[in-house]
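# Structural features, examined
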Amino acid sequence: MSDTTLGLWGIPLAVLGGAIRVSTPFLFVSLGECITERSGRVNLGLEGTLVMGAMSGYGFSYLTGSPWLGVLGAGVIGSLLGALHGFICGKPRVNDIALGIAMMLLGVGLAFFLGKPLIQPTAPRLGAIPFGFFSSSAQLRSALNVNVLFVIGVALAPLLHFGLQNTRWGLVVRTVGESSEAARALGYNVNRVRLLATAAGGFLAGVGGSFLSLYYPGSWNEGLSSGQGLMAVALVIFARWSPKRCLYASLLFGGAGAIGPALQSVGITTGYYLWNAAPYALTLAILIASSSATRASADMPAELGAAR
Amino acid sequence: MATGGAPNAPSARVDWADIGARLEPFLIPLFALFVSLALFGAFVALAGQPPLEVYYQMYRGAFGTWFSFQNTLQRASPLLLTALCTALPARAGLIVIGGEGAFVMGGLAAGATGVALAGSPRAVILGAMFAAGAVVGAIWIGFCGFLRARRGVNETIASLLLTYIGIALLNHFVEGPLRDPESLNKPSTRHIGEANMLGSIPGLDVHWGLVAGVVACLVAYVLMERTVFGFSAALVGGNARAAKLSGVKVAEVIVITCALGGAAAGVAGSFEVAAVHGRANASLVAGYGYAGILVSFLARHNALAIIPVSLFLGGIAASGGLLQRVFALPDATVNVLQGILFVVLIASDTLYGRIRWRSLAGAR
């Protein structure tokens, strides 16, 4: 029983393990974007935030020797970028989508500039919880070796769901997202709520970025992110602005991204590069299926409609 | 004909509010440019380099010598075309950021066509290459427009997703079905043959893409500002529902503007293969599509303004090498400047119509 190979069963197992690994950044970015969009704004700049988070997380971990300080630092940097987006968008006539594209370019540029000295050194990385300790199969154990950030993210999704539905803060964010006029009439500062919601979203996106450099792939280089930040924005639409559904959607996307490497691991290399396109094609297919030309989704925050 | 009693007699008083409002489209971007340069200067100073010295070297690296100016022109050429990929749909109110994908797919299509027609006359090969690039690019972005018009799919996200799909397709084809077995380090399609390549403009070390880009911008300007189609597109961009009520075929206009933009980016990719590399490979993924987005926004989606803005951003890109050599600044310095410029420019949108020109001018 000890060293049995799993044969073709290795594929779904590798996909499962890969899904957990690949989905973690999606999960954090989409949860962050979920908060931001619930307040009635779109932050497309999270792709830049993700890359900045990856760079700064690695940098802080290298400088302090603690990967968790790296995660925290990445979150703080991410929230600063989010706050900048929120602040500029608070000015009249500024388009949040266009600003997001600009922030994406700025974030990636800054990360590449500041991250140059970090390509060589090795920073302490995050650990994993060996849920597969009971098994003697190496494949099963590696698949169930779950990183801590994923566990936090899984706990965070229902927590955010509860927070948005049942707390005063959640109600304020949703009110601002559904009708800025009503929120203003109730005495809330719409721009401040959105700024805070964008900063909170930036924090989570930064944490998601730190996962890339501190766990998987686990080093800093310029090719680290390939659009995960943007796909997460599409994922929020698919998850119909619900943190809980963001979790399921992230796992689905992670699974799609893990198919290619999983097939390769058992020796099937045909169409490897086409499998790389699977998550993007899936996202697009889902976007097409979930959009409608005539009516907006009932779950969509009403203030988003004005921006789109 | 009397000068005294004409209704617009009070010409002695200068109408600052009117002049200011007219000049806003020029003054505000210029102001944003200066703010960005100041911010970038502070950034460079924080990185321990003298800002003025850096700006001087950037000028030298972009426009200082004949050699560097040619470098600038070369880098500006693809931007002229990829910027149109954002600018044309923007007229109809769409934010398309997938120029990189159309560029890559156009290049791949051109490369594959060039190889498939090997042995044919040079004119046939080149003509077919550009046609293939234009058609594939048009389909690529036109599809985004179609999805937007028919299904209400967000074109910004869709076009970017298609970019990643396009890059994956490029990798698939150059690593697999179309791979030249002799390309070892850098998987590529077969070379289209040196004799078949498009030469440079006489007297310059710049390929014909520059001329094509300038012509395309001029044509796009006339199309958008002087034709019924351009007017319909502006109507759709202003208020799609009102446009529909006044009989404009909204979906058609959206798909056509997107397809034209995509064709421009696809042709840019074809030039990259026909005039620079001679084959399609990962060199096509060089960020020209993304830089085109910035060009288009800086030019406020005006096709005529794209020409000087492309030169300006081509110059910034060209100066990157000199910055690396003289100041040991990383190559991403240029990206930081572009990012700052973009953010400040979008932020400056808030100034339109809100500046009190009259009180600024000191008049009562």
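Okay, so let's go over this structure. (Residues numbered from 1 in each chain as written. Chains lettered and ligands numbered in written order. Predicted model: local features only at pLDDT ≥ 70, side-chain atom pairs only at ≥ 80, totals over all residues. Heavy atoms only, no water.)

## Some points on the overall build of chain B
Selection criterion: The way it works is that DSSP assigns letters per residue, a run of H or I at least four long becomes a helix, a run of E at least two long becomes a strand, and they are numbered from the N terminus. In this setup the radius of gyration rests on C-alpha atoms only. A globule is expected at 2.2 Å times the number of residues raised to 0.38. Here the term buried applies to any residue with accessible area under 20% of the maximum for its type, exposed to any over 50%, and partly exposed to those in between, with areas from a 1.4 Å probe on protein chains only. Accessible surface area values rest on a Shrake-Rupley calculation with a 1.4 Å probe, where residue burial reflects the displayed protein chains alone. Charged residues are defined narrowly, with Lys and Arg counted positive, Asp and Glu counted negative, and His plus the chain ends left uncounted. Charge positions are represented by NZ for Lys, CZ for Arg, CG for Asp and CD for Glu.
Each helix and strand in chain B was counted, giving 14 helices and zero strands. Secondary structure elements of chain B, listed N to C terminal, follow the sequence α-α-α-α-α-α-α-α-α-α-α-α-α-α. Compactness check: chain B gives a C-alpha radius of gyration of 23 Å against a globular reference of 21 Å for 364 residues, within 12% of the reference. Counting the 364 residues in chain B, one finds 51% classified as buried. Summing over all exposed atoms, chain B offers an accessible surface of approximately 16,100 Å²; the carbon and sulfur share of this is 64%. Of the charged side chains in chain B, 23 are positive and 16 negative, and the gap between their average positions amounts to 10 Å.

## Describing the overall build of chain A
Rules: Residues count as neighbours in contact if any of their non-hydrogen atoms are within 4.5 Å of one another.
Each helix and strand in chain A was counted, giving 14 helices and two strands. Rg of the C-alpha trace for chain A: 20 Å, near the compact-globule value of 19 Å for 308 residues, within the 12% margin. Once the C-alpha set of chain A is aligned to its principal axes, its extents read approximately 70 × 45 × 35 Å. Looking at chain A alone, contacts between residues at least 24 apart form 77% of all its contacts between residues at least 6 apart. For chain A, the computed accessible surface area is about 12,600 Å², with 65% contributed by carbon and sulfur atoms. Where the 18 positive side-chain charges of chain A centre and where its 10 negative ones centre are 4 Å apart.

## Structural notes on unusual backbone geometry
Residues and elements named next belong to chain A. Residues Tyr-216 and Pro-217 are joined by a peptide bond in cis, for which omega reads 0 degrees. The backbone of Arg-93 shows a phi angle near 70 degrees, a positive value even though the residue is not glycine. Overall, Arg-93 belongs to the exposed group, its relative accessible area being 57%. Here Trp-241, not a glycine, exhibits a phi torsion of approximately 60 degrees, which is positive. Looking at the element boundaries, Trp-241 is found in the loop between helix 10 (228-238) and helix 11 (243-265).

## Some remarks on the environment of Asn-196 of chain B
Residues and elements named next belong to chain B. What counts, and what does not: Whenever two N or O atoms come within 3.5 Å, that pair is a polar contact, provided that in protein one can donate a hydrogen and the other can accept it, and provided that, for residues adjacent in sequence, both atoms are side-chain atoms.
Within the secondary structure layout, Asn-196 lies in the loop between helix 6 (155-175) and helix 7 (209-226). Judged by relative accessible area, Asn-196 falls into the buried class, the value being 15%. Along the sequence, Asn-196 and Cys-85 sit 111 residues apart, while their C-alpha atoms lie 28 Å from each other. Excluding residues within four positions of it along the chain, Asn-196 makes contact with Arg-122, Ile-125 and Leu-126. Of note is the side chain of Asn-196, whose polar atom sits 2.8 Å from the backbone oxygen of Ile-192.

## Some details on the packing of aromatic side chains
Inclusion rule: Each pair of aromatic rings taken from Phe, Tyr and Trp, with Trp reduced to its six-membered ring, is defined by centres within 6.5 Å and is described as stacked if the planes are under 30 degrees apart, edge-to-face if over 60, and tilted in the remaining cases.
Throughout the structure, instances matching the rule amount to 14 aromatic pairs over all chains. Both rings, one in Phe-133 of chain A and one in Phe-134 of chain A, keep their centres 5.9 Å apart while their planes meet at 80 degrees; by these two values the pair is edge-to-face. Neither residue differs from the other here; Phe-133 of chain A and Phe-134 of chain A are each classed as exposed. Ring centres of Phe-40 of chain B and Tyr-55 of chain B lie 6.1 Å apart, and the angle between their planes is 55 degrees; on these two criteria the pair is classed as tilted. Pair noted here: Phe-40 of chain B is in helix 1 (residues 16-46) and Tyr-55 of chain B is in helix 2 (residues 51-64), with a separation of 15 residues, a long-range link. According to the relative accessible area criterion, Phe-40 of chain B is buried, its value standing at 1%. Here the aromatic residues Phe-26, Phe-238 and Phe-253 of chain A are joined through ring pairs into a cluster of three or more.

## Let's talk about the packing of helix 2 (residues 46-64) of chain A against helix 10 of chain A
All names here are of chain A. Here is the rule we go by: Interaxial angle, 0 to 180 degrees, is taken between N-to-C directions of lines fitted to C-alpha atoms, where a helix line uses only the stretch in contact. Just so you know how the angles are binned, under 35 degrees is roughly parallel, over 145 roughly antiparallel, 65 to 115 roughly perpendicular, and the rest oblique. Left-handed describes a crossing whose near helix is turned anticlockwise from the far helix through less than a right angle; right-handed describes the clockwise counterpart. Gly is put with the polar residues, along with every residue not named as nonpolar or charged; the nonpolar set is Ala, Val, Leu, Ile, Met, Phe, Trp, Tyr, Cys and Pro, and the charged set is Asp, Glu, Lys and Arg.
Here helix 2 crosses helix 10 at 135 degrees, and the two axes come no closer than 7 Å. With respect to each other, helix 2 and helix 10 are oriented oblique. Helix 2 and helix 10 meet at a crossing whose hand is right-handed. Along the contact surface, helix 2 presents Leu-46, Glu-47 and Leu-50, while helix 10 presents Gln-228, Gly-229 and Leu-230. For the contact of helix 2 with helix 10, the per-class residue count stands at three nonpolar, two polar and one charged.

## Some thoughts on the environment of Val-174 of chain B
Residues and elements named next belong to chain B. Within the secondary structure, Val-174 sits in helix 6. Val-174 sits in the buried class, given a relative accessible area of 2%. For the pair Val-174 and Ala-132, spaced 42 residues apart in sequence, the C-alpha separation works out to 17 Å. Excluding its chain neighbours within four sequence positions, the residues that come into contact with Val-174 are Arg-179, Pro-187, Ser-188, Thr-189, Ala-280 and Asn-281.

## Concerning the pattern of salt bridges
All names here are of chain A. What counts here: Each reported salt bridge corresponds to a side-chain nitrogen of Lys or Arg within 4 Å of a carboxyl oxygen of Asp or Glu.
Here the structure, examined in full by the defined rule, presents 10 salt bridges over all chains. Ionic pairing is found between Arg-194 and Glu-303, a salt bridge with its closest N-O pair at 3.1 Å. Placement of the pair is Arg-194 in helix 9 (residues 190-214) and Glu-303 in helix 14 (residues 302-307), with a sequence separation of 109 residues. You can call Arg-194 buried: its relative accessible area is 9%.

## With respect to the interface of chain B and chain A
Selection criterion: As a working definition, buried area equals the accessible area (1.4 Å probe) given up by two parts on being put together, with both sides summed.
Taken together, the 44 residues of chain B in the interface contact 43 residues of chain A. Contact between chain B and chain A buries roughly 3,700 Å² in total, counting both sides, with carbon and sulfur atoms accounting for 81%. Ranking the residues of chain B by area buried against chain A places Arg-151, Ile-157 and Leu-161 of chain B at the top, with a combined share of 16%. The tally of links from chain B across to chain A stands at one salt bridge. Residue Lys-116 of chain A is joined to Asp-331 of chain B by a salt bridge in which the shortest nitrogen-to-oxygen separation is 2.9 Å. The tally of links from chain B across to chain A stands at eight residue pairs in polar contact (both at pLDDT 80 or more). For the side of chain B that touches chain A, the secondary-structure elements that each account for two or more residues are helix 5 (122-151), helix 6, helix 11 (288-298) and helix 13 (333-347) of chain B.

## Remarks on helix 7 of chain B
Residue and element names in this part refer to chain B. Basically, it comes down to this: A helix is expected to span 1.5 Å multiplied by its residue count minus one. What the arc measures is the spread of directions leading from the helix axis to the C-beta atoms.
In a regular helix each residue adds 1.5 Å, so 18 residues correspond to 26 Å; helix 7 covers 25 Å between its end C-alpha atoms and thus fits that length. Taken together, the buried positions of helix 7 are occupied by Gly-209, Leu-210, Gly-213, Cys-217, Ala-220 and Met-224. What you see down the axis of helix 7 is that its buried residues fit within an arc of 100 degrees, all on one side. Residues of helix 7 that are exposed and angled more than 90 degrees away from the buried face: Val-219 and Arg-226. The inward-facing, buried residues of helix 7 abut helix 3 (66-91), helix 8 (228-238), helix 10 (250-277) and helix 12 (303-327).

So far we have only geometry, and geometry alone does not tell us how the molecule works.
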